[in-house]
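Notes for the structure review
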Amino acid sequence: MSWQAYIDTSLVGSGHIDKGQILSAAGDSVWATSSGFTISPEEVKEIVTGLSGKTDKLYAEGLHIGGEKYVLTKAEERSLYARKGRDGVVIVKTTQAILVGHYKDGQIAGNAAQTVEQLADYLISTGY
């Protein structure tokens, strides 16, 4: 399956994510993205820093995705969760990739998290 197919089928196609992006684990390249979903290089740096365990600044100043500020609500070893009103993002790092899933008002945060986490588990199981 192509990287774009993971976005279109596994993330957006689930109905639990409205847009997504897959980046290299280092954050230096975009492998696939939903149309119109742009994460700036500065925002990617925030993601990579947060996934490395340095979350104090993100908790204090927020996590920025697609030009929007989100409040970091949870940070785990491989995952970041953030919200802006009823919208939110789920970010999960695999061995070689970073998955970013965005959900909007009307979509359930728990289902969005499960969708992104399950894709991450699958990618890890295949070496990615």
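Quick summary incoming for the structure in this document. Quick caveat: nothing in here was measured; it's all calculated off a predicted structure. (Residues numbered from 1 in each chain as written. Predicted model: local features only at pLDDT ≥ 70, side-chain atom pairs only at ≥ 80, totals over all residues. Heavy atoms only, no water.)

1. A look at the pairing of strand β1 (residues 19-24)
Counting buried residues along β1, 5 of its 6 residues qualify, which places the element largely inside the surrounding structure. Two strands pair when backbone bridges link them, and β1 and strand β7 (residues 97-103) are joined in this way by 6 bridges, in the antiparallel orientation. Note on β7: the bridge partner recorded for I22 is L99. Pairing of β1 with strand β2 (residues 30-33), which is carried by 3 bridges, proceeds in the antiparallel orientation. Residue pairing across strands places I22 opposite A32, the latter belonging to β2. Counting the residues in the hairpin turn of β1 and β2 gives 5 residues, including G27, whose phi is positive at 80°. (Buried < 20%, exposed > 50% of the residue type's maximum accessible area, 1.4 Å probe, protein only. Helix = DSSP H or I, 4+ residues; strand = E, 2+ residues; numbered from the N terminus. Pairing = 2+ DSSP bridges.)

2. Overview of the nonpolar core
L11, I22, V90, L99, V116 and L119 are the most contacted members of the largest nonpolar core, which has 18 residues in total. Residue assignment for this core shows that the elements contributing at least two residues are α1 (3-11), β6 (87-93), β7 and α4 (109-125). No other element matches the 6 residues that α4 contributes to this core. The contact partners of V90, leaving out residues within four places of it in the chain, are L80, Y81, L99, V100, G101, Y103, A112, A113 and V116. Counting residues in hydrophobic clusters, the runner-up holds 17 residues, among them L63, L80, I91 and I98. (Core = buried A, V, L, I, M, F, W, Y, C linked by side-chain atoms within 4.5 Å. Contact = heavy atoms within 4.5 Å.)

3. Structural notes on the packing of α1 against α4
In the contact formed by α1 and α4, the axes pass within 11 Å of each other and the chain directions differ by 140°. Between α1 and α4, the interaxial angle falls into the category oblique. The crossing of α1 and α4 is right-handed. Residues W3, Y6, S10 and L11 of α1 form the contact with α4, whose participating residues are T115, V116, L119, Y122 and L123. For the contact of α1 with α4, the per-class residue count stands at 7 nonpolar, 2 polar and no charged. (Axes fitted to C-alpha atoms, helices over the stretch in contact; angles between N-to-C directions. Parallel < 35°, antiparallel > 145°, perpendicular 65-115°, else oblique. Left-handed = near helix turned anticlockwise from the far one by under 90°. Nonpolar A, V, L, I, M, F, W, Y, C, P; charged D, E, K, R; others polar.)

4. Some remarks on the sheet that holds β1
The strands making up a sheet associate through backbone hydrogen bonding, with each pair oriented either parallel or antiparallel. Here 7 strands make up an open sheet; going across it, the order is β2-β1-β7-β6-β5-β4-β3 and the pairing antiparallel. The open sheet is flanked by β2 and β3 (63-65), the only strands paired with a single partner. When the angles between neighbouring strand axes are averaged without regard to direction, this sheet yields 25°. For β6 and β7, the ladder comprises 6 bridges, and the chain directions are antiparallel. When the sheet's bridge partners are listed, G88 is paired in β7 with Y103.

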